[in-house]
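Listed below, chain by chain, are the residues.
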Amino acid sequence: IGSCRATEVGPHADSVALSELPPRLLRVSLLGCGTVGGGVYQRLAALPELFSVVAVGTRNVEQAVEDGVPVKVLTPHLDALITEPVDVVIELLGGIEPARTLISEALRLGRSVVTANKALLANDFTKLHKASLRYSAAVGGVVPAIETINRARRLSSLQSISGVLNGTTNFILDELANGSDLAEAVRAAQKNGYAERDPKLDLDGTDAAQKLVLLARAAFDMDLPLRSIEKQGMESLNPKKIRDAKSKGRVTRLVAECRRVSGDFVASVSPSELPLDHPLACAPGVENRLLIQSQTGKLWDIGGRGAGRWPTPEAVLADLFDLRRELINAAEQEQECVA
Ligand code: HSE
């Protein structure tokens, strides 16, 4: 953490680099303090030598105070918060507006922005995209999905990406296979902080489709319109069918996929019954899993917790560390030029 080198996840022994960077406090403001925002605040507050949280914008002041946010940094005035002189604005409001306007304004003012907002980026990526906009937290929770696609692409061009991209439906599918009913399983997913504010977005496959748009862009440089994704959610499933599949040694998963087919791309989100030894079957509960296949046949298989209070803040932190490293490098280069 804090090293100039990137973190490498692979079949090596663990090693931890000591920070090689000079101390540099990153001033951040936080838009949104719900399940993920509250988790991000707590992670930042635990690293006071690296981060200073100067403002937290939320309409749910009570919840934020419960998460330990000092009242003096809290504000319900999100527009005013954007004008605070900070290095990075972290947007965790979700949804299209006011997130879109606030992010645009923050970028216009020269701030870096870290966001987990897949709904917004699936719609407005080209309008918002800048080097100073980071969004690894929008897909996969703790799974370095976009980062691994970028690394895979450097080796060869890609043939397909497929994955379990929605933790809520994966959790619900396991609960149904074990005998719960749907309403009970949805309530448990909401209670654990996995589901979207409107869980319909999880259940009908929209959330997975939004994430697929972002992954397809990273994998194939393509602008995959959300509406072009053939989408079938949980509505077509009945719990008995899922239990029957389980008794036959098969696991039901909501699979999102985008692949090259005869010079074009085909994208879908749909439930699939998979054999127990299929990599996507081996993503239990709230886990996400991503398979990346190159045109030469090489396969990358990554997974980890995809939703809930703690996984997504790790991806936000990873983006913040990257930005911190870049700001320090830029400042050093500027000093060298002056010298
Ligand atoms: N509702 C989303 C999911 C949250 O269950 O995967 C993380 O994006």
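Residues numbered from 1 in each chain as written. Predicted model: local features only at pLDDT ≥ 70, side-chain atom pairs only at ≥ 80, totals over all residues. Heavy atoms only, no water.

**What about the site of the ligand?**
Next, step 1: The immediate surroundings of the ligand are formed by 13 residues, with Lys118, Thr168, Tyr194, Glu196 and Asp202 found nearest.
Next, step 2: At 2.8 Å, a backbone N or O of Gly167 approaches an oxygen atom of the ligand.
Next, step 3: A distance of 2.7 Å is found between a nitrogen atom of the ligand and a side-chain nitrogen or oxygen belonging to Glu196.
Next, step 4: Relative to its unbound accessible area of 250 Å², the ligand is 91% covered by the protein chains.
Next, step 5: Elements with a contribution of two residues or more to the shell around the ligand: α7 (167-177) and α10 (206-220).
Next, step 6: When its residues are assigned to classes, the shell around the ligand shows 4 nonpolar, 4 polar and 5 charged. (Near = heavy atom within 4 Å. Polar contact = N/O pair within 3.5 Å; in protein donor to acceptor, adjacent residues only side chain to side chain. Areas by Shrake-Rupley, 256 points an atom, 1.4 Å probe, with all protein chains shown as cover. Helix = DSSP H or I, 4+ residues; strand = E, 2+ residues; numbered from the N terminus. Nonpolar A, V, L, I, M, F, W, Y, C, P; charged D, E, K, R; others polar.)

**Structural notes on the pattern of salt bridges**
Next, step 1: In total, this model carries 19 salt bridges according to the counting rule given.
Next, step 2: Here Glu105 makes a salt bridge to Arg108, at a shortest N to O gap of 2.9 Å. Taken together, the residues Glu105 and Arg108, both in helix α4 (residues 99-108) and 3 residues apart, mark about one turn of the helix.
Next, step 3: As a salt-bridge pair, Glu326 and Arg134 come within 2.8 Å of each other at their nearest N and O atoms. In this pair, Glu326 sits in helix α12 (residues 311-338) while Arg134 sits in strand β6 (residues 133-134), placing the two residues 192 residues apart along the sequence.
Next, step 4: What makes Glu326 partly exposed here is its relative accessible area of 41%.
Next, step 5: Connected via shared salt-bridge partners are Glu97, Arg100, Asp124 and Lys127. (Salt bridge = Lys/Arg side-chain N within 4 Å of Asp/Glu carboxyl O. Buried < 20%, exposed > 50% of the residue type's maximum accessible area, 1.4 Å probe, protein only.)

**Looking at α10**
Next, step 1: Compared with an ideal rise of 1.5 Å per residue, which puts 15 residues at 21 Å, α10 spans 21 Å between its outermost C-alpha atoms and is within 8% of the ideal.
Next, step 2: Following α10 by one or two positions, Asp221 has its phi on the positive side, about 55 degrees. (Expected span 1.5 Å × (residues − 1).)

**Describing the pairing of strand β1 (residues 26-31)**
Next, step 1: Among the 6 residues in β1, 5 count as buried, and that is most of the element.
Next, step 2: When β1 meets strand β2 (residues 51-57), the two strands line up parallel, connected through 6 bridges. The residue bridging Ser29 from the neighbouring strand is Ala55, located in β2.
Next, step 3: In this view, the connection linking β1 to its parallel neighbour β2 by way of helix α1 (residues 35-45) has right-handed handedness.
Next, step 4: Where β1 lies against strand β4 (residues 88-91), 4 bridges are found, and the strand directions are parallel. What sits directly across from Leu30, in β4, is Ile90. (Pairing = 2+ DSSP bridges. Right-handed = clockwise from strand over helix to strand, strands pointing away.)

**What to know about a nonpolar patch on the surface**
Next, step 1: Among the surface-exposed residues, Val61, Val65 and Val71 lie close enough to one another that they form a single nonpolar patch of about 230 Å² accessible area.
Next, step 2: Looking at the secondary structure, you find Val71 in the loop between α2 (61-66) and β3 (74-75). (Patch = residues over 30% accessible without salt bridge, like charges linked within 9 Å, V, L, I, M, F, W, Y side chains within 5 Å.)

**Some thoughts on unusual backbone geometry**
Residues other than glycine predominantly adopt negative phi, and peptide bonds predominantly adopt the trans conformation.
Next, step 1: Pro98 follows Glu97 through a cis peptide bond whose omega is 10 degrees.
Next, step 2: Mapped onto the fold, Pro98 is located in the loop between β4 and α4.
Next, step 3: A positive phi angle is found at Ser262, which is not glycine, with a value near 45 degrees.
Next, step 4: Following the sequence through the fold, Ser262 ends up in the loop between β9 (250-261) and β10 (264-275).
Next, step 5: Classification of Ser262 by relative accessible area gives exposed; the value is 78%.

**Things to note about the pairing of strand β11 (residues 287-294)**
Next, step 1: Within β11, 6 of the 8 residues are buried, which leaves it mostly tucked inside the rest of the structure.
Next, step 2: Where strand β7 (residues 158-164) meets β11, 6 bridges bridge the pair, whose relative direction is antiparallel. Considered in β11, the bridge of Ser162 is made with Leu291.
Next, step 3: As consecutive antiparallel partners, β11 and strand β12 (residues 299-305) are separated by 4 residues, and within that stretch Gly297 has a phi angle of approximately 95 degrees, a positive value.

**Some details on the sheet that holds β11**
Next, step 1: Overall, mixed pairing links the 6 strands, which are arranged β8-β10-β9-β7-β11-β12 in an open sheet. Here the strands that pair on one side only, and so sit at the sheet edges, are β8 (230-231) and β12.
Next, step 2: Sheet analysis places β11 next to β12, joined by 7 bridges and oriented antiparallel. By the bridge assignment for β12, Glu287 is matched with Arg305.

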